[in-house]
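An overview of the molecular structure
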Amino acid sequence: MSLKRQLLILFGSIGLLSVVHAATITTPETMVVSRSDDAETEATLDVDTVTEGPVQPIKLTKMDVKSVISMRYAHTAIVAHVRNAANKSQEANFRVLLPDTAFISGFVMTLDGKSYKAYVKEKKEAAQIYQTAVSQGIGAAHIAARARDSNHFTVSVNVEAFTKATFNLTYEELLEYRNGVYNHAVNLQPGQLVSDFTVTIDIRESNKITELRVPEIRTGNEIDATKDDEQISNAEITRCDNAAVILFKPDLDEQKRLMSVYAEKSKDSLRGNVEGVLGQFVVQYDVERPKDGEVLVNGGYFVHFFAPTDLAPLRKYVVFVLDTSGSMYGRKIEQLKQAMQTILSELNPGDYFSILSFDSDVLVTDIADADKEPPKRKYSYYDRHDVKPTLKPASKATPENIARAKIIIDRLEANGGTNIDAALGTAIDLIRNRSELFANSTSSNKDEILSLEPIIIFLTDGDPTVGEMNPKTIIKNVAEKNYGSDEATIFSLAFGEDADPKLLRKLSLRNNGFARHIYEASDAALQLRDFYRQVSSPLLSHVKFVYAPDQVIESSVTKTKFRTYYAGSEVVVAGQVDTATRDLESTVEAFCGDENDHFLRKKITKKIKVPVPVEKSDLPLERLWAYLTIKQLLDASDASDATEEEKKKETSPEQQALKIALKYEFVTPLTSLVVVKPNETDAVNAEPVGDRESGQKYGLLSLTSSHRQPISSPAMYRPSLNAMSPLAFSAFPNRGYTAFNKRPVQALFSQDSMRVESEAVDDYDYEQRFGVDPPSTPVAYAPPAWSTTPVIEQSTTSNGSNYHLQEYPWAAPYVDVSSDSLVFVAANNTITLKLVSSSEPPKSESECSKPVSGDAGRCVYLTRCQAARNITIDTYKSHYCDVAGFAGVCCPQDGIAV
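So, a few notes on the structure that sits alongside this text. Because the structure is predicted, anything quoted here is derived from the model rather than measured.

Scanning the model with the defined rule gives 35 salt bridges in all. Between Asp486 and Arg434 there is a salt bridge whose closest N-O contact spans 3.4 Å. Placement of Asp486 in the loop between helix H7 (471-481) and strand E29 (489-495) and of Arg434 in helix H6 (residues 434-439) is noted, with a sequence separation of 52 residues between them. Taken individually, Asp486 and Arg434 each receive the classification buried, so the pair is uniform in this respect. A salt bridge links Arg510 to Asp641; its shortest N-O distance comes to 2.7 Å. Pair noted here: Arg510 is in the loop between helix H8 (501-509) and strand E30 (515-518) and Asp641 is in the loop between helix H10 (621-639) and helix H11 (644-647), with a separation of 131 residues, a long-range link.

Okay, here's the thing in structure tokens:
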């Protein structure tokens with residue numbers, strides 16, 4: 001009798017989720033197929049089925065969430081401890097719902113005292129590892145799924161009877177500055193009550209923290225909290241000028257209360273099981289800002305933060321392009337009307353606006369029509385839809401014009417198809433011809449409109465169905481019109497689940513904006529208003545960062561030109577400093593409004609000069625640079641029309657991003673986490689189904705399983721394809737499931753905000769790999785307070801050899817058997833030191849000044865230092881040394897073995 005073994009990888013909405021539960025019982029020869037409704041389809045061989053009674057479920061005994069935020073860069077570790085008190089094996093699921101901006105940077109799983117670690121590989125190489133493992137009879141799994149706009153990690157493993165397991169996942173992100181504060185959030189969803197539950201947020205900044213808010217636990221489906229929201233009462237907050245620690249330890253009664261509150265608040269927005277969900281823990285803060293910006297330099301890297309506030313705003317001309325096609329009928333169109341009522345009221349004095357509605361046809365609103373009886377519109381699929389709409393001059397944001405516009409908005413009706421190409425073309429025509437349109441009007445302010453910052457806010461809920469329907473052609477048509485001094489920034493809003501996210505993302509990336517998903521929920525109007533407020537006040541245009549070419553490595557510097565800077569946001573630039581640089585000089589050039597005449601613009605220049613420190617500190621600037629560089633390279637890739645061959649070139653954004661991701665061990669759309677378990681004959685493979693082209697918005701992976709069958713057995717591979725109901729998991733789209741066998745296995749994961757490919761393989765033997773007995777306590781990696789880098793993952797599938805490290809258990813997770821080396825990160829640098837497998841360690845030694853204890857010592861090979869047996873990896877990072885290329889340590893004289 002064997003349990004169902006399942007490796008499960010999901011990709012869903014934003015936040016943190018960690019769930020542990022027991023699995024059902026099946027016979028060894030049963031292939032288990034998970035379906036979207038959690039039912040099981042069993043393809044059974046000719047064997048007897050054994051029925052077993054209920055057993056005590058796996059218990060989640062402890063959960064720790066710790067985020068260390070240093071200079072706006074967050075490193076989060078989630079550690080879950082479980083215990084199987086039953087007399088038989090059971091399955092445990094560990095789930096983490098990540099922010100969509102985060103990169104996973106490490107995963108460690110400890111089962112019955114044995115630790116299994118994932119490492120990062122290029123995703124095609126990971127797939128090859130899977131194929132090779134299967135062909136050699138090695139336990140492996142390869143998972144592929146599409147879920148580009150979400151980031152949801154789950155691994156299911158077998159926990160043997162009377163044993164414990166620990167899961168540890170780390171991820172990193174640069175916090176976004178929105179509405180004047182940095183926002184950091186983790187979703188607390190353990191799936192059951194936890195007797196020991198701790199959340200710690202540790203903030204370390206270079207400047208004074210001016211604002212710190214910890215609002216009440218939220219559902220995660222609301223808009224950002226504000227200073228007016230109620231603050232949490234049972235979190236312990238300790239703070240000084242530039243640091244703060246927030247500690248939250250909900251007891252069982254508080255967890256029950258939060259679960260009840262979450263279930264009540266979410267009953268209208270979620271259509272799934274919300275059992276065991278506490279909600280979202282949010283921390284918001286801001287820092288004191290130097291007037292001209294802030295530049296930090298450390299370890300050969302710099303980061304430039306720029307978020308000015310004392311500027312006169314630029315006046316804007318905003319064109320609202322609103323989808324009123326038939327699919328907007330009902331709640332969507334009503335929520336759009338509700339949101340626009342508020343948005344129109346928040347236009348700044350001196351702004352101008354136009355309202356353009358589109359279905360199969362395009363209509364430019366004339367607010368003078370608000371005083372007339374609305375015309376009766378009739379729609380027919382046989383109507384011509386190539387008639388160009390009549391352009392109307394923009395309206396100034398006066399109280400009278402806004403009141404008329406609200407009447408027009410209230411008359412919107414949903415009908416017809418979706419003519420995206422004509423709508424965008426008309427919006428650009430309004431901006432490019434705004435001067436001529438005013439020349440034909442009676443306005444006395446015809447010159448004002450030319451000085452306005454042009455913005456297009458484009459909202460749609462579906463694919464193009466009328467007129468030009470090829471996404472590439474639509475983007476090409478926009479590019480041919482939107483250029484030069486009249487170029488408009490285009491923000492795209494995907495309302496609901498049916499819009500084309502690739503089209504909208506590429507459209508906005510190519511036109512200096514960004515795309516957002518407006519979830520079809522009761523608060524959609526609030527989401528729309530919250531989005532508008534983030535872009536409602538442009539403060540600077542044509543922002544340019546300049547660094548002396550002899551002071552920085554130009555090819556390393558991230559994006560330096562920005563079309564517009566908006567109030568409440570922040571611009572971040574990073575790069576490498578030239579080794580000869582002693583002082584780094586930077587200049588920011590931009591145009592802002594004139595406080596005396598808001599329709600005029602003036603050029604401003606901000607200069608900063610900072611010394612380059614000689615000593616390295618623990619600031620995570622190098623990893624922040626790597627993170628930001630990868631993000632921008634992936635944006636460049638998504639915005640391009642490069643062929644597959646062009647993407648393979650070394651200079652392509654994809655290859656540059658891949659190189660950095662592999663070096664810093666980030667799981668990105670181009671990389672995957674991999675683990676292979678030697679000497680097993682079980683294998684699993686899963687392939688994606690339900691892609692967008694086939695008309696299925698939610699995908700379920702095909703499943704195959706082997707239960708102690710030879711690799712060549714025809715019973716091994718029996719895929720079953722199932723479509724997931726979009727109603728059953730509306731909050732968790734694009735889930736993928738796969739079955740696994742009886743051996744414990746580690747997940748393999750790759751992240752892609754719109755497209756995800758994940759590969760997974762199995763575990764290895766701890767004692768063979770590290771040459772030591774398994775530790776008595778789980779070796780689950782948790783970063784020290786100032787650490788912002790993950791443990792270096794293993795990079796081999798070999799069994800390893802004995803390095804005589806039995807007395808040095810802290811070193812075992814950092815052994816790379818492929819290179820016979822100890823590999824770790826210190827001061828943001830990867831350190832590689834050789835290990836010896838022979839019984840005779842190197843005898844070279846030299847004087848050193850910082851022994852692990854005492855006042856004086858000598859640099860000797862690691863295993864010669866008895867004093868280093870019970871230290872930690874963090875202690876070793878401060879006292880390691882090089883013994884002719886081998887792993888050494890500064891050891892006190894009386895602690896050296898002969």
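Moving on, there is more to tell.
Here we come to the nonpolar core. Formed by 82 residues in total, the largest nonpolar core has its most connected members in Phe94, Phe107, Phe167 and Phe281. Ignoring sequence-local partners within four residues, the contact set of Phe167 consists of Ile78, Val79, Ala80, Val82, Ala92, Phe94, Phe107, Val108, Met109, Val155 and Val157. Listed in part, the 34 residues of the second largest apolar core include Phe320, Leu493, Ala524 and Phe531.

Quick look at the packing of aromatic side chains now. With the rule as written, the count across this model stands at 25 aromatic pairs. Judged by centre distance (5.9 Å) and plane angle (75 degrees), the ring pair of Tyr73 and Tyr627 falls under edge-to-face. A residue pair is termed long-range when its members are at least 10 positions apart, and Tyr73 in strand E7 (residues 73-84) and Tyr627 in helix H10 qualify at 554 residues. Aromatic ring contacts, followed pair by pair, group Tyr73, Phe103, Tyr627 and Phe666 into a single cluster. Positioned above the aromatic ring of Phe305 is the side chain of Arg72, whose terminal nitrogen or guanidinium carbon lies 4.0 Å from the ring centre. Over the ring of Tyr177 we find Arg289, and its NZ or CZ is 4.4 Å from the ring centre.

Bringing the state of the cysteines into the picture now. Within this structure, the stated rule accounts for 3 disulfides. Linked covalently through their sulfurs, Cys848 and Cys890 form a disulfide whose S-S length is 2.0 Å. On the sign convention where negative is left-handed, the bridge of Cys848 and Cys890, at about 95 degrees about the S-S bond, is right-handed. With Cys848 in strand E43 (residues 846-848) and Cys890 in strand E46 (residues 886-892), this pair connects stretches of sequence that are 42 residues apart. There is a disulfide in this structure between Cys865 and Cys891, and the S-S distance comes to 2.2 Å. Taking the sign of the S-S torsion, 85 degrees for the link of Cys865 and Cys891, the bridge is right-handed. In this pair, Cys865 sits in the loop between strand E44 (857-861) and helix H14 (873-879) while Cys891 sits in strand E46, placing the two residues 26 residues apart along the sequence.

Bringing the pairing of strand E21 (residues 279-287) into the picture now. The element E21 is extensively covered by neighbouring structure, given that 9 of its 9 residues are classed as buried. Relative to E21, strand E16 (residues 181-188) runs antiparallel, the two being bridged by 7 bridges. By the bridge assignment for E21, Val186 is matched with Phe281. Bridging between strand E18 (residues 209-213) and E21 involves 4 bridges; their strand directions are antiparallel. The residue of E21 that forms the bridge with Leu212 is Tyr285.

Bringing helix H3 (residues 331-345) into the picture now. Under the 1.5 Å per step criterion, the end-to-end length of H3 is 22 Å for 15 residues, consistent within 8% with the ideal 21 Å. Here H3 has its buried residues at Lys332, Ile333, Gln335, Leu336, Lys337, Ala339, Met340, Thr342, Ile343 and Leu344. On its buried side, H3 packs onto strand E24 (316-323), strand E25 (352-358), helix H4 (399-410), strand E28 (453-460), E29 and helix H9 (524-535).

Read across the open sheet, the 4 strands follow the order E32-E31-E34-E35; overall the sheet is antiparallel. A strand with exactly one partner marks an edge of an open sheet, and here the two such strands are strand E32 (561-566) and strand E35 (601-611). Taking the axes of each pair of neighbouring strands and ignoring which way they run, one obtains an average angle of 25 degrees across the sheet.

The next thing to look at is the sheet that holds E21. Backbone-to-backbone hydrogen bonds join strands into a sheet, with any given pair of strands oriented parallel or antiparallel. Judged by pairing direction, the sheet is antiparallel, and its 4 strands sit side by side in the order E15-E16-E21-E18 without closing on themselves. Every other strand in the sheet has two partners, leaving strand E15 (177-178) and E18 as the edge strands with one partner each.

Definitions and cut-offs
Residues numbered from 1 in each chain as written. Predicted model: local features only at pLDDT ≥ 70, side-chain atom pairs only at ≥ 80, totals over all residues. Heavy atoms only, no water. Salt bridge = Lys/Arg side-chain N within 4 Å of Asp/Glu carboxyl O. Helix = DSSP H or I, 4+ residues; strand = E, 2+ residues; numbered from the N terminus. Buried < 20%, exposed > 50% of the residue type's maximum accessible area, 1.4 Å probe, protein only. Core = buried A, V, L, I, M, F, W, Y, C linked by side-chain atoms within 4.5 Å. Contact = heavy atoms within 4.5 Å. Phe/Tyr/Trp six-rings, centres within 6.5 Å; stacked < 30°, edge-to-face > 60°. Lys NZ or Arg CZ within 6 Å of the ring centre and 35° of its normal. Disulfide = S-S within 2.5 Å. Pairing = 2+ DSSP bridges. Expected span 1.5 Å × (residues − 1). Axes fitted to C-alpha atoms, helices over the stretch in contact; angles between N-to-C directions.

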